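Each chain, letter by letter, is given below.
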Amino acid sequence: MSTSNQKLENWVNDIANVTNPDSIYWCDGTHDEYEGFIKEMLNTGDLMKLNEESFPNCYLHRSDQSDVARVEHLTFICTSNQEDAGPNNNWMDPIEAHNKLDTLFENCMSGRTMYVIPYCMGPIDSKLSRCGVEITDSPYVVANMFLMTRMGQKALARIEREDKFVKGVHSIGDLDPDKRFIMHFPEEETIRSIGSGYGGNALLGKKCHALRIASWQALKEDWLAEHMLIVEIENPQEEKFYVAAAFPSACGKTNLAMLIPPEGYDGWKVRTIGDDIAWLHMDDSGQIWAINPEAGYFGVVPGTNEDDNENAYQAIQSNAIFTNVGLTDNNEPWWEGKKDGNPTIDWKGETISADSGNVFAHPNSRFTVSAKNNPKYSNLADSPSGVPISAIVFGGRRSELAPLVYQSKDWNHGVLVGASVGSETTAAAAGEVGIVRRDPMAMKPFCGYNFADYWTHWLSFSSKSERLPKIFHVNWFRKNDQGFIWPGFGDNLRVLEWIIKRCQNQADAIDTPIGFLPKPEDIDTSGLDITKDSMEELFHINKDQWLEEMESIREYFLEYGDRMPEMLLDEHRKVVSKLEQSD
Ligand code: GTP
Ligand code: SPV
Ligand code: MN
């Protein structure tokens, strides 16, 4: 196979001339092809077959031990003007970046096959979808892209029709962390990634294209590319609602997207549209619609079990690729939080004992599965027009401060709520874990341009529509000395219920300086083992702590200088003055 599109053909040849592969292979996206790649990787040792009886068609991949997470310090946005990348991004001059990369990519594929993956982010026949082509020398990347995107012949046909695609080149290089770079050229709509085979660094359709490049395109074309799950919630009256929620990496998106209603919530149905990325577009009537550009999940494995997240657990029983989990004595995958099995080998392949303190799965170990594996997959995930969004929810991992849920006063205040998200860092990115950092809209690692311009773009929607989604903030992670106060997982539906009722004007609220809080009786806690005191603790607003938080947000905003939208600073001042006046 090759292509009738001259631009694509020329580009592939240009890359081949630099990288010098032994051969070029165009992926057609068929199941047979996938099976072929799996077989090849079993031969090379890139994959190991897991217990065929209990985990049919499941495989284990062990990544290089220095290559287990996204690397934000090696991720760059290369715009001609540094200001356009903003203080939120590492920046490199595009000419300097290209020079550096040209040296690194020279002959990097010699002795290897170069795979060409045409892919479509979003339903193949949706006008909201965008195509790309990833060139890679990693069969593991091809197999993951097969499970997670719509790739192959149909995508190529669309690219040939549209004559437009994002260009991504990836090579594992020699996996040397000192020669690892994930570079984005939004003005050229190109991505170059070298030295890592892992997740968001290497599966270029995901964070590199669908967020960093797409957020830039969305700015130019007046839409939004966000780090959001999309969940469908049907109430007992059979009314359906669609909620989009942005939480930082490893803060609960996949879990919320696959939620199972708790006991007592008879008649409620929850289905998944997407678990990580949403593209939001406004129609002529002012309604926001969302598509999930992905077709599969690259999910956090640790903590996945039949009690907390049965849908995800079911989804990974067959046809899954596991990356960096441990193994049991009968060759099943094993991870912390799994209820059964006798683990003996850790993610590095070393035999260790199950003594306390020993960890078998890497904290950022992941599963890759097609979205169709999810028992609660919604067919509307394939709908070309997407789904209408009623509510946007922001959240973070905050052991203190942020209440279980609150609602913004209006859209502009909601933009402040999103821009103010802070969250404790997790293992999803290399670096220290558990430190609160500002992660506006959960997009700190993913916004392909200056956050100040991004907030201005968000604010611009307020004048465009009377039908904007309501904006909320949640925190499942507030702690006391016994650990998490809120049970979380399925019980988060109790909070979503209030959110939906607010969208329908069916629930009251308490007006506070930080936003609208539920009345205590409006969060249904029946059947829950939680005291009234704990509920009060979950909603407690500590004025001094909040004033401190607002001050740290103000200081953060100052980093954005002149580009900072005055409207957002106004929203900030309003909250501070209301806090100061409160008792
Ligand atoms: P990325 O794929 O990195 O973007 O992560 P994500 O936002 O999809 O996070 P995910 O749903 O995979 O959850 C990450 C971790 O948070 C897992 O270990 C979960 O067990 C835990 N978690 C998710 N939801 C809850 C919750 O409601 N309460 C508590 N306490 N933990 C949760
Ligand atoms: C995240 O880190 O937000 C992920 C995993 O979803 S990765 O694909 O590595 O970005
Ligand atoms: Mn993510």
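Criteria and cut-off values
Residues numbered from 1 in each chain as written. Chains lettered and ligands numbered in written order. Predicted model: local features only at pLDDT ≥ 70, side-chain atom pairs only at ≥ 80, totals over all residues. Heavy atoms only, no water. Helix = DSSP H or I, 4+ residues; strand = E, 2+ residues; numbered from the N terminus. Rg over C-alpha atoms; globule rule 2.2 N^0.38 Å. Buried < 20%, exposed > 50% of the residue type's maximum accessible area, 1.4 Å probe, protein only. Contact = heavy atoms within 4.5 Å. Areas by Shrake-Rupley, 256 points an atom, 1.4 Å probe, with all protein chains shown as cover. Lys, Arg positive; Asp, Glu negative; His and termini not counted. Charge placed at Lys NZ, Arg CZ, Asp CG, Glu CD. Pairing = 2+ DSSP bridges. Axes fitted to C-alpha atoms, helices over the stretch in contact; angles between N-to-C directions. Domains from an automatic or database assignment. Near = heavy atom within 4 Å. Polar contact = N/O pair within 3.5 Å; in protein donor to acceptor, adjacent residues only side chain to side chain. 1 Å grid on protein atoms, 1.4 Å probe; cavity = no way out; pocket = protein on both sides within 12 Å on 5 of 7 lines; lining within 4 Å. Sits in = over half its atoms within 2 Å of the grid points. Nonpolar A, V, L, I, M, F, W, Y, C, P; charged D, E, K, R; others polar. Donors = N, O, S within 2.8 Å, 3.2 Å for Na, K, Ca; no water. Tetrahedral: all angles 85-135°; square planar, octahedral: opposite > 155°, others 65-115°. Points joined across faces, edges and corners; volume = space filled by probe spheres on them. Parallel < 35°, antiparallel > 145°, perpendicular 65-115°, else oblique. Left-handed = near helix turned anticlockwise from the far one by under 90°. Salt bridge = Lys/Arg side-chain N within 4 Å of Asp/Glu carboxyl O.

Engineer: Can you help me understand the overall build of the chain in this one?
Structural biologist: Counting its regular elements, the chain contains 16 helices and 33 strands. In terms of overall dimensions, the chain is globule-like: its C-alpha atoms have a radius of gyration of 23 Å, near the 25 Å expected for 583 residues. By the burial criterion, 60% of the 583 residues in the chain qualify as buried. Excluding contacts between residues fewer than 6 apart, the proportion of contacts in the chain whose partners are at least 24 apart in sequence is 73%. For the chain, the accessible surface area stands at approximately 22300 Å², while carbon and sulfur atoms represent 45% of it. Distance between charge centroids for the chain: 3 Å, based on 54 positive and 89 negative side chains.

Engineer: Help me understand the sheet that holds strand 19 (residues 321-323) in this model?
Structural biologist: Remark on secondary structure: sheet strands pair via backbone hydrogen bonds, oriented parallel or antiparallel. Overall, mixed pairing links the 5 strands, which are arranged 2-3-19-23-18 in an open sheet. Of all strands in the sheet, those bounded by a partner on one side alone are strand 2 (48-49) and strand 18 (296-300). Here 2 bridges tie strand 2 to strand 3 (residues 59-61), and the two strands are oriented antiparallel to one another. Residue pairing across strands places Lys 49 opposite Tyr 59, the latter belonging to strand 3. Where helix 5 (residues 139-148) meets the sheet, it contacts strand 3, strand 18, strand 19 and strand 23 (366-370), and its direction lies at approximately 115 degrees from that of strand 18.

Engineer: Where do I start with the domain arrangement of the chain in this structure?
Structural biologist: Bring the parts together and some accessible area is lost; that lost area is often taken as the interface size. Under the domain assignment used here, the chain contains domain 1 (6-45 + 70-223), domain 2 (296-373) and domain 3 (390-581). Each of domain 2 and domain 3 has a C-alpha centre, and the two are 31 Å apart.

Engineer: What's the story with the site of ligand 2 in this structure? I'm lost.
Structural biologist: Close contacts around ligand 2 come from Arg 70, Gly 199, Gly 200, Lys 206, Lys 207, His 227, Ser 249, Asp 276, Phe 298, Arg 366, Ala 428 and Phe 446, and that covers them all. Here an oxygen atom of ligand 2 sits 2.6 Å away from a polar atom, N or O, in the side chain of Lys 207. If ligand 2 stood free it would expose 280 Å²; the protein chains cover 98% of that surface. If you map ligand 2 onto the pockets, it falls in the largest pocket. Of all elements in the fold, only helix 7 (199-202) and helix 8 (205-221) reach the threshold of two or more residues within the shell around ligand 2. Broken down by class, the residue content of the shell around ligand 2 amounts to 3 nonpolar, 4 polar and 5 charged.

Engineer: I tried to follow the coordination of the manganese ion (ligand 3) on my own but got confused; where do I start?
Structural biologist: In ideal tetrahedral geometry, four donors around a metal make angles of 109.5 degrees, whereas ideal octahedral geometry with six donors gives angles of 90 or 180 degrees. Surrounding the manganese ion (ligand 3) are the protein donor atoms Lys 207 (NZ), His 227 (NE2) and Asp 276 (OD), which sit 2.2 to 2.6 Å from the metal. Taken together, the 6 donor atoms coordinating the manganese ion (ligand 3) span angles of 64 to 173 degrees at the metal, a pattern that classifies the geometry as irregular. For the manganese ion (ligand 3), the single-chain donor residues occur in sequence as K-x19-H-x48-D. Of the two residues, Lys 207 sits in helix 8 while Asp 276 sits in the loop between strand 15 (269-274) and strand 16 (278-282), which places them 69 residues apart along the sequence. With respect to burial, Lys 207 and Asp 276 carry one shared label: buried.

Engineer: Whenever I open this one, empty space enclosed by the protein confuses me. Can you help?
Structural biologist: Gaps left between atoms show up when a probe the size of a water molecule is rolled over them. As enumerated under the stated definition, the model contains 3 cavities of 30 Å³ or more in all. In this structure, the largest cavity encloses a volume near 160 Å³. Along the walls of the largest cavity sit 17 residues, with Tyr 406, Val 417, Ser 420, Trp 546 and Ile 553 positioned nearest its centre. At 4 residues, the largest contribution of residues to the lining of the largest cavity is made by helix 15 (residues 543-558). Across the lining of the largest cavity, the residue classes break down as 11 nonpolar, 4 polar and 2 charged.

Engineer: Help me out: how do you make sense of the packing of helix 15 against helix 16 (residues 566-581) in this one?
Structural biologist: When two helices pack together, their arrangement is given by the angle between the helix axes and the distance between those axes. Close contact between helix 15 and helix 16 brings their axes to 10 Å; oriented N to C, the two are set at 160 degrees. Regarding the angle of helix 15 to helix 16, the classification is roughly antiparallel. Between helix 15 and helix 16 the crossing geometry is left-handed. Of the residues in helix 16, those touching helix 15 at Lys 543, Trp 546, Leu 547, Met 550, Ile 553, Arg 554 and Phe 557 are Leu 568, Leu 569, His 572, Val 575, Val 576, Leu 579 and Glu 580. Across the contact of helix 15 with helix 16, the residue classes tally to 10 nonpolar, 1 polar and 3 charged.

Engineer: Even after reading the chapter, I still don't get the site of ligand 1, so can you show me in this structure?
Structural biologist: Surrounding ligand 1, one finds 20 residues, the nearest of these being Ala 250, Lys 253, Thr 254, Asn 255 and Arg 366. Contact distances for ligand 1 include 3.1 Å between an oxygen atom and a side-chain N or O atom of Asp 276. Side-chain polar atom of Arg 366 to an oxygen atom of ligand 1: 2.7 Å apart, as the coordinates give it. Across the complex, the protein chains shield 90% of the 660 Å² of accessible surface that ligand 1 would expose by itself. Its atoms largely coinciding with the cavity grid, ligand 1 occupies the largest pocket. Residues that form the shell around ligand 1 fall into these classes: 9 nonpolar, 7 polar and 4 charged. Per-domain counts for the shell around ligand 1 show at least three residues from each of domain 2 (296-373) and domain 3 (390-581).

Engineer: Quick question: what am I supposed to make of the pattern of salt bridges here?
Structural biologist: Two side chains carrying opposite charge are able to pair once their charged atoms lie near each other. Within the structure shown, the criterion is met by 35 salt bridges. Ionic pairing is found between Arg 70 and Glu 72, a salt bridge with its closest N-O pair at 2.9 Å. Under the relative-accessibility criterion, Arg 70 is labelled buried at 8%. Several salt bridges converge on common partners, so that one network encompasses Lys 206, Lys 207, Lys 253, Asp 276 and Glu 294.

Engineer: Explain the packing of helix 11 (residues 411-419) against helix 16 to me, please; I cannot follow it from the model alone.
Structural biologist: Between helix 11 and helix 16, the least distance of the axes is 9 Å, while the angle of their chain directions is 85 degrees. Considered as vectors, helix 11 and helix 16 are oriented roughly perpendicular to each other. Judged by residue contacts, Asn 412, His 413, Val 415, Leu 416 and Ala 419 of helix 11 engage Met 567, Leu 568, Glu 571, His 572 and Val 575 from helix 16. For the contact of helix 11 with helix 16, the residue count by class is 6 nonpolar, 3 polar and 1 charged.

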